[in-house]
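Read off the chains here:
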Amino acid sequence: MTASIETTAAATEAPTTGTTPVVGAGEEFTRLHPTALEVGPNVRSEVDTDTPAFRNMVASIIEHGVLLPILARRDGDLIVVIDGQVRTLAAIEAGAESVPVLIRPDASTAKDREIERLTRQVVANDRRIDLTAGQRAKAVTDMLELGVSVPKIAKAVQVKRETVKAAGAAGRSQAAIDALDAGQLTLDQAAIVAVFDAEGDTDAVAQLLNAGSWFRSEAQQLLADRAEHKARTAAGAPYAEKGLTLLGEEPYYGDPYTAAEDLVTTDGDPITEAIIEATAEHWAVWLTKEEKLTLAATGEFIDKDSIDWDTQVDLSGDAEEGLHHYKDVGSVEVWVPEYFTADPDAAGVKLGPILAAASAEPAADESSDAAARRVREQEAAQKVLAAKEAEKLARRRTIALNKASAAATIVRKEWLAKFLTRKTLPKGAAKWITDTLVDEPGLLTQNKASEHLAELFGVTIGKPEGHLWGDWKERAARTALAPVIDKASDARAQVIALAQILAAYEARMSGTGKDWWKRVGGSNQDNYLGFLDQHGHVLTVVEQVGAGTLTPEQAYDALTAPSEETAIEH
């Protein structure tokens, strides 16, 4: 069993280099069939051949062969493995026809041989230094840049294609590589950081590197902001063509810009778009995305007061006469322009009466009565401006929290989908299920809960043939979920029961819009979000508002001033 396929004669002189393997004095380099090797005693007392690591090694040997020589010694007619136990067993399972073997001379006595074996096996295992995660990512990036396809790399290095894609992205950013090697980021997180780093967005990179357990939600928010900026720029193109300046941030009172609504023409008339376009070079525009309610069938804009909101909870009920049923209502987002100028005189306009009164200066010959009247008018005007600014602040807060809630919903659903792959209920969940259903027995029948459950389980809802009547999609969702339930074990079925409740809560929240953070009466969001928080989902600031542990004002401050110290903990 010691027949050699290829053999380099035993070296008796100093090692040489070149294409011939380098061997030391008395050593012999050869290639043998792996079954020709005797796997002797090893400090690694057993090898678990069912582990992913072992299976990956088998797959690697099938693809590449054994790359590192197996260290062995002669014992009579036997070639006994000293170092390379796992490689030998994996090569046998892989069906390798030969493996490289370096046969070393024996120590003179059995005791010395045993000491040498133990020493070499401990040192060989201890001194192996794996590549860092960053080094692996950079290697994948280099292979991609050499034109190697993702499937070929995945097969060659024995990882999933998604891992290759993430590594290929992360390896293009030194900041991502450094954070990956420091254990600060996962590979998927490093890939996201690399996207922003490639675009030179150092602020976003710094924000993500300091995001901690909020990384995914902050990344989603940054991605959403980037998409919104791109959409705003596209929507602003017609205004730019007219000569207006597109603003990247909304001006506040006290900025160089004054809003058109606070200005009038020299004749005292309101500012119109025609007036603005006539002197476009002196005007700027800020575009705000607003959600408008519509009739789903026609797209016609409608007012919120024209909707019977009671039908939002009970979809099977009839709407009050003269009002729209909630199920007939849709929504669309539109860009609404607001105009500003930094130079009213050049734009041919002047301050409106309220702004003029608020900033009026005393006249040189002003009488005491006139001064008192001016002060009264000034105070009244300032109160009006303060009220307008408070209204604008409330609107900005609503927009910011709505945006944050949309990003948080995406991340929360990702977490739920992964959480619900479990085979058994988490600790305390059975009692929570019971408490929840006793408290809200009708929870599972509201807000298209089955559709949300299908989404969380990745189940496709098929459209039935024939005439569609009523809420067909909800019924189709229950039909699509039936096979999932049928094949579930008793323990898994309990997880599905938990999923039904979580999906019903999610339907009640995100299924009714972006403003779930407002805590509509009866939503019981603190029960839902509290459960998620208890079982590992880190609540974002907007979710903390939804759970009632933060005020909207606190959340807005945290969202708009992330670099400052706040009482909000990651």
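1. Notes on the overall build of the chain
Of regular secondary structure, the chain possesses 22 helices and 14 strands. Taken across its 570 residues, the chain has 38% of its residues classed as buried. When contacts within the chain are restricted to residue pairs at least 6 apart in sequence, those whose partners lie at least 24 apart make up 69%. Carbon and sulfur atoms make up 53% of the accessible area of the chain, which amounts to about 32,100 Å² in all.

2. Focus on the sheet that holds strand E10 (residues 284–295)
The mixed open sheet is built from four strands, whose spatial order is E7-E10-E13-E8. If you trace the sheet from one side to the other, it starts and ends with strand E7 (245–246) and strand E8 (258–259), each paired once. Taken together, the twelve bridges between E10 and strand E13 (residues 329–341) define a ladder with antiparallel strand orientation. For Trp 286, the partnering residue across the bridge sits in E13 and is Glu 338. Strands in contact with helix H15 (residues 368–419) are E8, E10 and E13; relative to E10, the strand with the most contacts, it is inclined by about 70°.

3. Structural notes on the confidence of the model for the chain
Detailed reading of the predicted coordinates is not advisable wherever pLDDT is low. Across the chain, the average pLDDT comes to 85, with 87% of residues at or above 70. When the elements of the chain are averaged for pLDDT, strand E1 (residues 6–8) gives the smallest value, 40, and E7 the largest, 96. Contacts from residues 1–20, a stretch scored under 50 in pLDDT, to residues over four places away or in other chains number 36 contacts.

4. Observations regarding a negative patch on the surface
Together, Asp 310, Asp 314, Glu 320 and Glu 321 make up a negatively charged patch on the protein surface. Inspection of the secondary structure assignment puts Glu 320 in the loop between helix H12 (310–313) and strand E12 (324–325).

5. Looking at the packing of aromatic side chains
Aromatic ring pairs are defined here through the distance separating the ring centres and the angle between the ring planes. Per the counting criterion, the structure on display carries seven aromatic pairs. Ring centres 6.0 Å apart and planes at 50° place the aromatic pair Trp 309 and Tyr 326 in the tilted group. In this pair, Trp 309 sits in the loop between strand E11 (307–308) and H12 while Tyr 326 sits in the loop between E12 and E13, placing the two residues 17 residues apart along the sequence. Measuring from ring centre to ring centre gives 4.6 Å for Trp 415 and Phe 419, while their planes differ by 15°; the resulting arrangement is stacked. With Trp 415 and Phe 419 both in helix H15 and four residues apart, the pair spans about one turn of that helix. Owing to a relative accessible area of 19%, Trp 415 belongs among the buried residues under this scheme. Here the aromatic cluster, defined as three or more aromatic residues joined through ring pairs, consists of Trp 415, Phe 419, Trp 432, Tyr 505, Tyr 528 and Phe 531. Against the face of Phe 196 rests Arg 226, its NZ or CZ located 5.4 Å from the ring centre. The ring of Trp 516 carries Arg 412 above its face, with NZ or CZ at 4.9 Å from the centroid.

6. A short note on helix H16 (residues 429–439)
Taken residue by residue, H16 has Ala 429, Trp 432, Ile 433 and Thr 436 as its buried positions. Summarising the axial view, the buried residues of H16 lie within an arc of 100°, below the 170-degree limit, and thus occupy one face. Residues of H16 that are exposed and point over 90 degrees away from its buried face: Lys 431 and Val 438. Elements in contact with the buried residues of H16: helix H19 (490–509) and helix H20 (525–534).

7. As for the pairing of strand E4 (residues 70–75)
Two strands pair when backbone bridges link them, and E4 and strand E6 (residues 99–104) are joined in this way by four bridges, in the parallel orientation. Residue pairing across strands places Arg 73 opposite Arg 104, the latter belonging to E6. In this antiparallel pair of consecutive strands, E4 and strand E5 (residues 78–83), the connection spans two residues, and Gly 76 shows a positive phi of 70°.

8. What about the pattern of salt bridges?
Counted by the stated rule, this structure contains 33 salt bridges. A salt bridge links Asp 75 to Arg 73, with the nearest nitrogen and oxygen atoms 4.0 Å apart. Of the residues examined, Arg 73 reaches a relative accessible area of 15% and is grouped as buried. Of the charged contacts, one joins Asp 515 and Lys 518 as a salt bridge, the two residues approaching to 3.9 Å between their closest N and O atoms. Classification of Lys 518 by relative accessible area gives partly exposed; the value is 45%.

9. Considering the pairing of strand E2 (residues 28–32)
Within E2, four of the five residues are buried, which leaves the element mostly enclosed by the surrounding structure. Examined bridge by bridge, E2 and E6 share five bridges and lie antiparallel to one another. From the neighbouring strand, Glu 28 faces E6, where its bridge partner is Ile 103.

10. Quick word on H20
Those residues of H20 lying buried are Gln 525, Tyr 528, Leu 529, Phe 531 and Leu 532. The buried residues of H20 occupy an angular sector of 150° when the element is viewed end-on, so they sit on one face. Of the surrounding secondary structure, the elements contacted by the buried residues of H20 are H15, H16, H19 and helix H21 (541–547). In the stretch just after H20, Gly 536 is the one whose phi turns positive, near 115°.

What counts as what
- Residues numbered from 1 in each chain as written.
- Predicted model: local features only at pLDDT ≥ 70, side-chain atom pairs only at ≥ 80, totals over all residues.
- Heavy atoms only, no water.
- Helix = DSSP H or I, 4+ residues; strand = E, 2+ residues; numbered from the N terminus.
- Buried < 20%, exposed > 50% of the residue type's maximum accessible area, 1.4 Å probe, protein only.
- Contact = heavy atoms within 4.5 Å.
- Areas by Shrake-Rupley, 256 points an atom, 1.4 Å probe, with all protein chains shown as cover.
- Pairing = 2+ DSSP bridges.
- Axes fitted to C-alpha atoms, helices over the stretch in contact; angles between N-to-C directions.
- pLDDT = per-residue confidence, 0-100.
- Patch = residues over 30% accessible without salt bridge, like charges linked within 9 Å, V, L, I, M, F, W, Y side chains within 5 Å.
- Salt bridge = Lys/Arg side-chain N within 4 Å of Asp/Glu carboxyl O.
- Lys, Arg positive; Asp, Glu negative; His and termini not counted.
- Charge placed at Lys NZ, Arg CZ, Asp CG, Glu CD.
- Phe/Tyr/Trp six-rings, centres within 6.5 Å; stacked < 30°, edge-to-face > 60°.
- Lys NZ or Arg CZ within 6 Å of the ring centre and 35° of its normal.
- Arc of directions from axis to C-beta.

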